[in-house]
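Take a look at the letters that make up each chain.
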Amino acid sequence: MKLHEYQSKFRFAEFGIPIPKGKVAETAQEAMDIAKELATPVVVVKAQVHVGGRGLAGGVKIAKSPEEAKEHAEAILGMDIKGLTVEKVLIDPGADIAHEIYLAITNDRSAGKPLIIASAEGGMDIEELAKTDPDKIVREHIDPIWGLKAYQANSVASRMNLKKEQWRPFVKILTGLYECFVASDAELAEINPLVIQGDGSLLAVDGKMIIDESALPRQKKLAAMRDAADEGEEEALAREAGISYVKLDGTIGCMVNGAGLAMTTMDMTKLYGGDEYGPANFLDIGGGATPDTVATALKIILSDDNVKAVLINIFGGITRCDDVANGFIEAYNIVKPSVPIVMRLQGTNAAEGRAIIEKADIPNLQTAETLTDAAQKAVSAAKGGN
């Protein structure tokens, strides 16, 4: 789950990280009132949406008066940025930026440890910097048992070539960021940029956090911050049903149980269908899917106008194939899909599931014995073949 910039920075402040004393506005009048309250020569009006590139899209503006802040807010609120509508703006006091730093903590799955990623070249695309000049990126793993040690934080500051007088505030910020990362069950806690101001002080002027979805039941405070407006209708419906769903750019809708089987199914459709007829989604109905879950999954898949065929690939273990068959028929009778469907049922109660499907006599439905056969049939159906 992503947090907005203002939510991330307010969370950082709880752990002693210095942030601008800004506030959030939902109307242009509120933006002007906040700018007056801040009483600084310059304020920054920033769109709050879960996408990058806000500045290039016109979603970040500098205002030199409360009236100008109101004008910018009027222009930004309601703006469409990469398919998302701006409903809130953050009004921050301007910072005296002398230098920008990149600082983040994320999970390194290969090492099984949190990883500090830092660079004195802040304000840039860190992925691009990693390609063009990787030596400018400092990396430091943190032992999850022992936590972040002072010598590690000092080492990061040294390798970034920070001035000695900046080490103490930097170490304090890095320590706070790690504490925030752990306490929030975060997958990413990022400050970009962490600025060095003209007086030498450090300030986190932008922030980003991604929270582990699996931890939300115990992170109730953070879970309450979810902005459903930034989710697609399909993603929201999938989350409520306990379905793992990610929309992709292909034309073959995939319904699978188990993440590994789902990835394999996607790979096979990509292999035979290429870019145009590859997978339209990742969708995992899970190991204990009920008929209602299957019905919801089919509705989600068919809500995508790009889908030209559906591939259902179920290996019955905990999930019984007859339950999947009943769920599919229930969804079919409600949705009445016009696109061709290919179904492969193997495992627990597969024979019973196939019997249910055959008895239903559903038009435009093919069955397959192997995944290769299923993927080839789905691609052919998407192309308009038999």
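Look up a bit, the structure's there.
None of these values were measured; they are calculated from a predicted model. (Residues numbered from 1 in each chain as written. Predicted model: local features only at pLDDT ≥ 70, side-chain atom pairs only at ≥ 80, totals over all residues. Heavy atoms only, no water.)

**Some remarks on the overall build of the protein**
Consideration 1: Secondary structure assignment for the protein yields 13 helices and 19 strands.
Consideration 2: Its C-alpha atoms put the protein at 75 × 50 × 40 Å along the principal axes.
Consideration 3: Counting only contacts in the protein whose residues sit at least 6 apart along the sequence, the fraction spanning at least 24 positions is 69%.
Consideration 4: A total accessible area of about 18100 Å² is found for the protein, and carbon and sulfur atoms account for 50% of it.
Consideration 5: Side chains of the protein give 41 positive and 56 negative charges; the mean places of these two sets differ by 4 Å. (Helix = DSSP H or I, 4+ residues; strand = E, 2+ residues; numbered from the N terminus. Contact = heavy atoms within 4.5 Å. Areas by Shrake-Rupley, 256 points an atom, 1.4 Å probe, with all protein chains shown as cover. Lys, Arg positive; Asp, Glu negative; His and termini not counted. Charge placed at Lys NZ, Arg CZ, Asp CG, Glu CD.)

**A word on the environment of phenylalanine 328**
Consideration 1: Among the structural elements, phenylalanine 328 can be located in helix H11 (residues 321–335).
Consideration 2: According to the relative accessible area criterion, phenylalanine 328 is buried, its value standing at 0%.
Consideration 3: Sequence spacing of phenylalanine 328 and leucine 298 is 30 residues, and the spatial spacing of their C-alpha atoms is 7.3 Å.
Consideration 4: Excluding residues that lie within four positions of it along the chain, phenylalanine 328 makes contacts with Val294, Leu298, Ile312, Ile341, Met343, Ile357, Ile362 and Leu365. (Buried < 20%, exposed > 50% of the residue type's maximum accessible area, 1.4 Å probe, protein only.)

**So, the nonpolar core**
Consideration 1: Ranked by size, the top nonpolar core spans 38 residues in total, and within it Phe12, Leu103, Phe170, Leu174 and Leu194 carry the most contacts.
Consideration 2: For this core, the secondary-structure elements that each account for two or more residues are strand S8 (97–108), strand S9 (113–119), helix H5 (150–159), helix H6 (164–183), strand S11 (186–197), strand S12 (202–204) and strand S13 (208–211).
Consideration 3: Considering every element that reaches this core, the biggest residue donor is H6, with nine residues.
Consideration 4: Ignoring any residue separated from it by four or fewer positions in sequence, one finds leucine 174 in contact with Leu103, Ile105, Ile116, Leu148, Ala153 and Val156.
Consideration 5: Met255, Ile285, Ala295 and Leu298 belong to the second-largest nonpolar core, a separate cluster that totals 32 residues. (Core = buried A, V, L, I, M, F, W, Y, C linked by side-chain atoms within 4.5 Å.)

**Structural notes on the environment of asparagine 349**
Consideration 1: Take asparagine 349: it is sitting in the loop between strand S18 (341–347) and helix H12 (350–360).
Consideration 2: In this structure, the C-alpha to C-alpha distance between asparagine 349 and arginine 320, residues 29 residues apart in sequence, is 5.9 Å.

**Here's the deal with the sheet that holds strand S3 (residues 43–47)**
Consideration 1: Taken together, the four strands give an open sheet; going across it, the order is S2-S7-S3-S4, and neighbouring strands pair in antiparallel fashion. Two strands lie at the open edges of the sheet, namely strand S2 (23–25) and strand S4 (60–63), each paired on one side alone. Across the sheet, the axes of successive neighbouring strands diverge by a mean angle of 25°, strand direction being ignored.
Consideration 2: In this structure, S2 lies alongside strand S7 (residues 89–93), joined through three bridges in antiparallel fashion. The residue bridging valine 24 from the neighbouring strand is leucine 90, located in S7.
Consideration 3: Packed on one face of the sheet, helix H1 (residues 5–13) meets S2, S3 and S7 and runs near 50° to S7.
Consideration 4: Each of S3, S4 and S7 touches helix H3 (residues 66–76); the most contacted strand, S4, lies at about 165° to it. (Pairing = 2+ DSSP bridges. Axes fitted to C-alpha atoms, helices over the stretch in contact; angles between N-to-C directions.)

**Describing the pattern of salt bridges**
A side chain with one charge may pair with a side chain of the opposite charge, provided their charged atoms come close.
Consideration 1: In this structure the tally under the stated criterion is 17 salt bridges.
Consideration 2: Between glutamate 5 and lysine 9 there is a salt bridge, with its nearest N and O atoms 3.0 Å apart. Of this pair, glutamate 5 and lysine 9 both sit in helix H1, four residues apart, roughly one helical turn. Across this residue pair, the class does not change: glutamate 5 and lysine 9 are buried.
Consideration 3: Note that lysine 23 is salt-bridged to glutamate 37, the shortest N-O span being 2.6 Å. (Salt bridge = Lys/Arg side-chain N within 4 Å of Asp/Glu carboxyl O.)

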